[in-house]
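Commentary on secondary and tertiary structure
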Amino acid sequence: MKKILSLIAFVCLLQASGLAQGYQPSAENLENRAWFEQARFGVFIHWGVYSVMGDGEWVMNNQNMSLSEYGLLPKFFNPIDFNAKEWARLFKASGAKYVTFTSRHHDGFSMWDSKVSDYNIVKATPFKRDIVKELVEACRAEGLKVMFYYSLLDWKRDDYLPFGRTGKGIAGRDESKGDWNSYIQFMKAQLTELLTNYGRIDGIWFDGHWDKKDENWHYDEIYGLIHRLQPHCLVGNNHHIAPIPGEDFQMFERDLPGQNTTGFGTSAEDVGQLPKEVCGTIAGSWGFDIKDRKQKSFKEVLLYLVKAAGHGSNLLLNVGPMPNGEIQDYQQERLRQLGEWLKIYGESIYGTEGGFVEPTDDYAFTKKGNTVYLHVLNGAKRRLEIPNITFKIANITTFNGQSKITYRQIEGDTLVVEIPENIGDENDLVLKLGLK
Ligand code: JFZ
């Protein structure tokens, strides 16, 4: 008995000191993961002083701006048309369940009233309003959960040095002042602010690990801090490697899980068991780019959502507001179109399972209870041959159940579906499969 008690005490001590190898998510955290898994759709916002340049969120690095040059931007960041309530209403209308906002991007500028850095929205801009606070409150009022993007990489602070892979052309920092411990303490102080002063926050979305792949990022400490401050808060890290203990979801940048078309994505063997989130853009770029000519059509963003769900993943779809605080019309329109679509077809996306049949350009499958949804994505194909369908089908109907669709299960595992000429949807023809 004594032995058992001392063992328990020892384990508690290990966990308290953060020395334990394994990470045991709390009950609140598991509950929040379950919420996240069924949410399926969130809106990503990339907004900061970089929007003034209209050249994406990497402009400081890409145009080799010096610290003093870039430092002028906060003086003109005065988004007089910013209205958090309008944004939140738009996000709600899109059918999204949560919003992930760039609290601080690689430029090191804080979009809240940070006490540990004056380089922030309240102290360094004529706007002087705490955007994080306004956004959190407005989203909450619409019933949307809020997560914060937080950059690990910093192009401004001396203590971040020596340089990582990026930012080498940004003049003005002194490499002799590098102080990793101070930088880690700074991030912890900022995360403490974000997780203390704004009520319930549902996730932290880290990014920038890849700038210093071999650095000691003190994740034990940082993740431990987050979970101590808000146990339900989900930690994710866009590091493009397999999940690290302490993380609660895994994200995939501009790629479906297991695909690596960008070349810097996560390889198939690094796809783990945590809830998944694919992120992508409506424009070509994340942050506002005035010459962005890669605006996506409704069908493109819809297919992002449907294919992500077909992989058992959420979609985090990005908008890049302009420096005046407005979201461009076509980005608003895409969000509203998704919302209209989800009003009808939401049951085939929210709360579904995916990942049991690999989506292709022609189809994706989702499942809820005893219903499987077949999303026919290529309207031109009237006959689909889908391999590896191991479940037994009792019937196939249109989404409204009014028309029966002819099908056969041949050669064991191949499903053949014939779609009559009078039935179709150029975006996504959603069919319902009843299971035996
Ligand atoms: C990162 C950010 O750099 C980008 O600005 C945006 O916030 C996006 C969501 O996340 O994108 C990356 C991540 C990794 C690399 C490049 C861009 N990389 O490894 O070269």
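For clarity, every value in this text was computed on a predicted model and none was experimentally measured. (Residues numbered from 1 in each chain as written. Predicted model: local features only at pLDDT ≥ 70, side-chain atom pairs only at ≥ 80, totals over all residues. Heavy atoms only, no water.)

Here's the deal with the overall build of the protein chain
- When its secondary structure is counted, the protein chain shows twelve helices and 15 strands.
- Relative to a compact globule of 436 residues, whose C-alpha radius of gyration would be 22 Å, the protein chain shows 23 Å and is just as compact.
- If one aligns the C-alpha atoms of the protein chain with their principal axes, the spans along those axes are about 70 × 70 × 40 Å.
- Contacts in the protein chain between residues at least 24 apart in sequence constitute 70% of all its contacts with a sequence separation of at least 6.
- Roughly 18600 Å² of accessible area belongs to the protein chain as shown, and the carbon and sulfur atoms make up 51% of that amount.
- Here the protein chain contributes 49 positive and 56 negative side-chain charges, whose respective centroids are spaced 4 Å apart. (Helix = DSSP H or I, 4+ residues; strand = E, 2+ residues; numbered from the N terminus. Rg over C-alpha atoms; globule rule 2.2 N^0.38 Å. Contact = heavy atoms within 4.5 Å. Areas by Shrake-Rupley, 256 points an atom, 1.4 Å probe, with all protein chains shown as cover. Lys, Arg positive; Asp, Glu negative; His and termini not counted. Charge placed at Lys NZ, Arg CZ, Asp CG, Glu CD.)

Side note on the layout of surface pockets
- Computed from the structure, the second largest pocket encloses a volume of approximately 490 Å³.
- Trp58, Trp210, His240, Glu253 and Phe264 are the residues nearest the centre of the second largest pocket, which is lined by 26 residues in total.
- Looking at side-chain class alone, the lining of the second largest pocket contains nine nonpolar, nine polar and eight charged residues. (1 Å grid on protein atoms, 1.4 Å probe; cavity = no way out; pocket = protein on both sides within 12 Å on 5 of 7 lines; lining within 4 Å. Points joined across faces, edges and corners; volume = space filled by probe spheres on them. Nonpolar A, V, L, I, M, F, W, Y, C, P; charged D, E, K, R; others polar.)

Focus on the side chain of Lys212
- Here Lys212 lies in the loop between strand S4 (203–207) and helix H10 (219–229).
- For Lys212, the residues in contact, after removing those within four places along its chain, are Tyr160, Leu161, Pro162, Phe163, Gly164, Trp180 and Trp217.

A closer look at the site of the ligand
- Neighbouring the ligand are 15 residues; His46, Glu57, His106, Asp207 and Glu253 lie closest to it.
- Glu253 has a polar side-chain atom sitting 2.7 Å from an oxygen atom of the ligand.
- Out of a free accessible area of 440 Å², the ligand has 91% covered by protein chains.
- When atoms are counted within 2 Å of each cavity's grid points, the one that captures over half of the ligand is the second largest pocket.
- Looking at the shell around the ligand residue by residue, the class counts come to six nonpolar, five polar and four charged. (Near = heavy atom within 4 Å. Polar contact = N/O pair within 3.5 Å; in protein donor to acceptor, adjacent residues only side chain to side chain. Sits in = over half its atoms within 2 Å of the grid points.)

Topic: the pattern of salt bridges
- By the definition in use, this model includes 20 salt bridges.
- Ionic pairing is found between Asp202 and Lys145, a salt bridge with its closest N-O pair at 3.6 Å. Of the two residues, Asp202 sits in the loop between helix H9 (180–196) and S4 while Lys145 sits in strand S3 (residues 145–151), which places them 57 residues apart along the sequence.
- Lys177 is paired through a salt bridge with Asp174; the nearest N and O atoms lie 4.0 Å apart.
- Each of the salt bridges in this network shares a partner with another, and the network as a whole consists of Arg383, Glu385, Arg408 and Glu418. (Salt bridge = Lys/Arg side-chain N within 4 Å of Asp/Glu carboxyl O.)

A closer look at the side chain of Asn120
- The topology assignment puts Asn120 in the loop between strand S2 (98–104) and helix H7 (121–124).
- Judged by relative accessible area, which is 0%, Asn120 ranks as buried.
- A distance of 2.8 Å separates a polar atom in the side chain of Asn120 from the backbone nitrogen of Lys123.
- Setting aside anything within four residues of it in sequence, one finds Asn120 in contact with Phe109, Ser110, Trp112, Asp113, Ser114 and Thr125. (Buried < 20%, exposed > 50% of the residue type's maximum accessible area, 1.4 Å probe, protein only.)

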